Amino acid sequence: MNREFILEKLGRNLKNSTPGKRESNALERIRNAPGGILPVQPRTATARVAHFIEKAKEAQATVAVCASSGVANAIAEWLRSHNLPKEVRTGQDNRLSALHKAKDSILTVKQGPSDGSDLTGVSHAECGISETGTLALLSGADNPTSLNFLPENHIVVVRRSDILAHYEEIWPRLRKRFGKGKMPRTVNLITGPSRSADIEQTLLLGAHGPVRLHIIVTED
Amino acid sequence: MHITSPQFKQNAKAALADEQLQRSLTHVRKNFIDKRAKAAAALPEFEALRDNAAAIKNHVLENLDAYLEIFESNVISNGGKVHWAATAGDARGLILDICRKAGARTVTKGKSMISEEIGLNEFLENAGIEPVETDLGEYIIQLRGESPSHIIAPAVHVNMDQVRDDFRRVHTHLPPDREMSEPESLLKEARGILRDRFIKADVGITGANFLVAETGTTIIVTNEGNGDLTQTLPRVHVVIASIEKIVPTLEDMSQIMRVLARSATGQEMSVYTTLSSGPRRKGDPDGPDEFHVVLLDNGRSDMLGTEFQDMLRCIRCGACMNHCPVYHAIGGHAYGWVYPGPMGSVLTPQFIGVEKGGQLPNASTFCGRCEEVCPMRIPLPKLMRHWREQEFSGHLTPPAQRRNLKAWAWLAKRPKLYHVATRLAARGLWLLGGRNRRTGFLPFAGAWTRHRDMPTPEGSTFLAQWRKHTGAGGNAS
Ligand code: SF4
């Protein structure tokens, strides 16, 4: 069997320790999950949010800030400014309820995963990371993964209070919510819109994923 | 894949004479080096993070069997399957099996060097399954019937005119007078064509940058989003990854991730870092029904416990080739197998045998830039030297080189004579150097100077200068 063959060979070549010792080493590190080296980040929440916005823009995203009740209007306005139809697709996330209840005159909202025909998808992020202007999105009926990649335009809403400093702060949150060692099926860390530099090293936005990424930070 | 590493010298010669390739290689020299330097300088903790990244990987390697078993059991509890492949052939067979069971006719693929290593595309084609590369660079070289010439920029050797010609040749259903003058229009064309392929594919195959033991999670890091469409839309997702990709925890992954993008493209963070833990869950509106991880050994376990163990820390960032004067001069294809540059010079003899790949570790100036920039602090020059020693002791070095080395050894063992000889040589080279201190002519080494200049010495030997600086009789032995 390949499995036993490989594991035995590894064990043979790791001759300075016993299998039992290696197992306890591994389990101990997983239990402790040391954080490592964390780059210095702004201390106050206000500075952290400002840094997040600056970094997201550096990564070619656009950013708007509004009250959570104003999300539908903020989306409609952004679509108008890009000459896009006022129609979006979204999941069942309760945090987007203001959007789900939006009047048709402002915005047409369709629910469920994308089949590739939607121009604009709207998701709600689990959190943002100020370090690099990164968004963390979780899969599921609330925020179908296909919305992150198929529509040409991706709008992501994130709560101001969910903007963290480091990636390392995401994982304890997920452990608390899903249980130790458990994860949602997919976690997408997204930093700016899709891009490629494969043709003569020229950076172009909108390779296979969204051409535009618009972030709406909500004040709560 | 057809191996041409034994003809390294001829390959290099052809590459040096290839004007189009030489033009393309200037992109590597210019872009990658600057961008990485800026990204490294902008993060004060960068050097400390490199140390920690290397320490994490060392810890993993010392406990690798335990971590693999923990990873496996967590993938299974997430509802996925783990397949172990000792050899490239085992991996190909396992993947074909999964594809056949899924009734697959087309397979979309995210970028994966492991897939190149095991020669997966050709194998699937021969079995009647069409593999479609979806990373733009990989797509371009697949159309051209080529292999990647760089591990993160696979089509870096191709220019825009060539891409345009290839698209015209292959995308025959599109109007011949369509707009193709800008890179943007070519990208749009590829996006449109591949969209259709993503939606129709039966199986999606991706690689993995990390395997997280703690959660049974596989991770891909990309910029285009092709890997995500590859793994989200088809019914079956297959991850192919080598055993050393393991990290203990999500925190450990985050630490290494910080040095990965900065070292590779000079980005602070790649656009998409995607963590996958098993197949579609109850209530999930999308995602694959099946999730398979194929764990490939293919000789890596043989490196554990040897002088080559350090190489298993490699995260395939490409920084070593981006900073390598040899790679800058000849590009990736001349190396003759899957992995080019300094990391390839260490890995190739391991994977295809020192008798076939032994010339690569000799193609080094030992300038040490690769080790300086390697985020995982892999002592690449030292590892190349290990191969040279093995090659020499295995009598695989070409006869002329053996004669010269023997003559040098004979001389080096006779200090008096050695000093006289080196003094004479240094003096002679100084005379050759003239005013700009470089020479394009070396006695007995015409081939060496044809494409490079030898900086000439300052006219006296190191020993003589040492004595002068330390006062007479300095002990330099
Ligand atoms: S050897 Fe180091 S620099 Fe080269 S690809 Fe591997 S990690 Fe990157």
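The structure this text deals with has already been given above.
Residues numbered from 1 in each chain as written. Chains lettered and ligands numbered in written order. Predicted model: local features only at pLDDT ≥ 70, side-chain atom pairs only at ≥ 80, totals over all residues. Heavy atoms only, no water.

Okay, the interface of chain A and chain B next. The partner chain B presents 97 residues to the 78 residues of chain A that form the contact. Taken together, the two surfaces of chain A and chain B that pack against each other cover about 7,200 Å², and 58% of this comes from carbon and sulfur. Its salt-bridge partner being D65 of chain B, residue R22 of chain A comes within 2.8 Å of it at the nearest N-O pair. Inspection of the chain A/chain B interface yields 48 residue pairs in polar contact (both at pLDDT 80 or more). Every element with two or more residues in the side of chain A that touches chain B is listed here: α1 (2-13), α2 (19-32), α3 (45-58), α6 (146-149), α7 (170-178), β9 (186-190), β10 (195-196) and β11 (204-205) of chain A. Considering every element that reaches the side of chain A that touches chain B, the biggest residue donor is α1 of chain A, with nine residues. Considering only residue class, the side of chain A that touches chain B consists of 34 nonpolar, 25 polar and 19 charged. (Contact = heavy atoms within 4.5 Å. Buried area = accessible area lost by both parts, 1.4 Å probe. Salt bridge = Lys/Arg side-chain N within 4 Å of Asp/Glu carboxyl O. Polar contact = N/O pair within 3.5 Å; in protein donor to acceptor, adjacent residues only side chain to side chain. Helix = DSSP H or I, 4+ residues; strand = E, 2+ residues; numbered from the N terminus. Nonpolar A, V, L, I, M, F, W, Y, C, P; charged D, E, K, R; others polar.)

Another point: the site of the ligand. Residues and elements named next belong to chain B. If you check the shell around the ligand, you find 14 residues, and the closest are C314, C317, G318, C320 and C374. The site holding the ligand turns out to be the second largest cavity. Class assignment of the residues belonging to the shell around the ligand gives a composition of 12 nonpolar, one polar and one charged. (Near = heavy atom within 4 Å. 1 Å grid on protein atoms, 1.4 Å probe; cavity = no way out; pocket = protein on both sides within 12 Å on 5 of 7 lines; lining within 4 Å. Sits in = over half its atoms within 2 Å of the grid points.)

Moving on: the sheet that holds strand β7 (residues 153-159) of chain A. All names here are of chain A. Strand order in the open sheet formed by six strands is β1-β12-β7-β4-β2-β3, with parallel pairing between adjacent strands. Taken across any chain shown, the strands that pair with only one partner, and hence form the sheet edges, are β1 (62-67) and β3 (108-111). Ignoring which end each strand starts from, the neighbouring axes of this sheet average 25° apart. With two bridges joining them, strand β2 (residues 87-90) and strand β4 (residues 120-124) adopt parallel strand pairing. Note that in β4 the partner of R89 across the bridge is G121. Relative to the sheet, α3 contacts β1, β7 and β12 (212-219), its axis offset from that of β1 by approximately 145°. (Pairing = 2+ DSSP bridges. Axes fitted to C-alpha atoms, helices over the stretch in contact; angles between N-to-C directions.)

This brings us to the pattern of salt bridges. Applying the stated criterion across every chain, the model contains 45 salt bridges over all chains. Residue E69 of chain B pairs with R3 of chain A through a salt bridge whose shortest N-O separation is 3.5 Å. A residue pair is termed interchain when its members come from two chains, as with E69 of chain B in helix α4 (residues 64-77) and R3 of chain A in helix α1. Between K101 of chain B and D97 of chain B there is a salt bridge, with the nearest N and O atoms lying 3.5 Å from each other.

So, on to the side chain of N226 of chain B. Relative to the assigned elements, N226 of chain B resides in helix α11 (residues 226-232). Judged by relative accessible area, which is 2%, N226 of chain B ranks as buried. What N226 of chain B contacts, discounting residues up to four positions off in sequence, is H208 of chain A together with K109, G110, K111, T134, D135 and F198 of chain B. (Buried < 20%, exposed > 50% of the residue type's maximum accessible area, 1.4 Å probe, protein only.)

Quick look at empty space enclosed by the protein now. Residues and elements named next belong to chain B. Under the criterion given, the structure shown has three cavities of 30 Å³ or more. A volume near 110 Å³ is recorded for the largest cavity. Put simply, the parts of the chain that give the lining of the largest cavity at least two residues each are α15 (325-330), α16 (341-352) and α19 (380-393). With three residues, α16 is the largest single contributor of residues to the lining of the largest cavity. A breakdown of the residues in the lining of the largest cavity according to their chemical character gives 11 nonpolar, six polar and no charged. Taken as a whole, the second largest cavity spans an internal volume of roughly 90 Å³. Taken together, 15 residues line the second largest cavity, and the ones lying closest to its centre are C314, C317, C320, C374 and P375. In the lining of the second largest cavity, the residues fall into 13 nonpolar, one polar and one charged. (Points joined across faces, edges and corners; volume = space filled by probe spheres on them.)

This part takes up the pairing of β7 of chain A. Residues and elements named next belong to chain A. Most of β7 sits inside the fold, with six of its seven residues counted as buried. The pairing of β4 with β7 spans five bridges and is classified as parallel. Each bridged residue has a counterpart across the sheet, and for T120 the counterpart in β7 is N153. Relative to β12, β7 runs parallel, the two being bridged by seven bridges. Each residue of the ladder has a partner; that of N153, found in β12, is R212.

The subject of this paragraph is the environment of E28 of chain A. Tracing the sequence through the fold places E28 of chain A in helix α2. Sequence-wise, E28 of chain A and I199 of chain A are 171 residues apart; in three dimensions their C-alpha atoms are separated by 46 Å.

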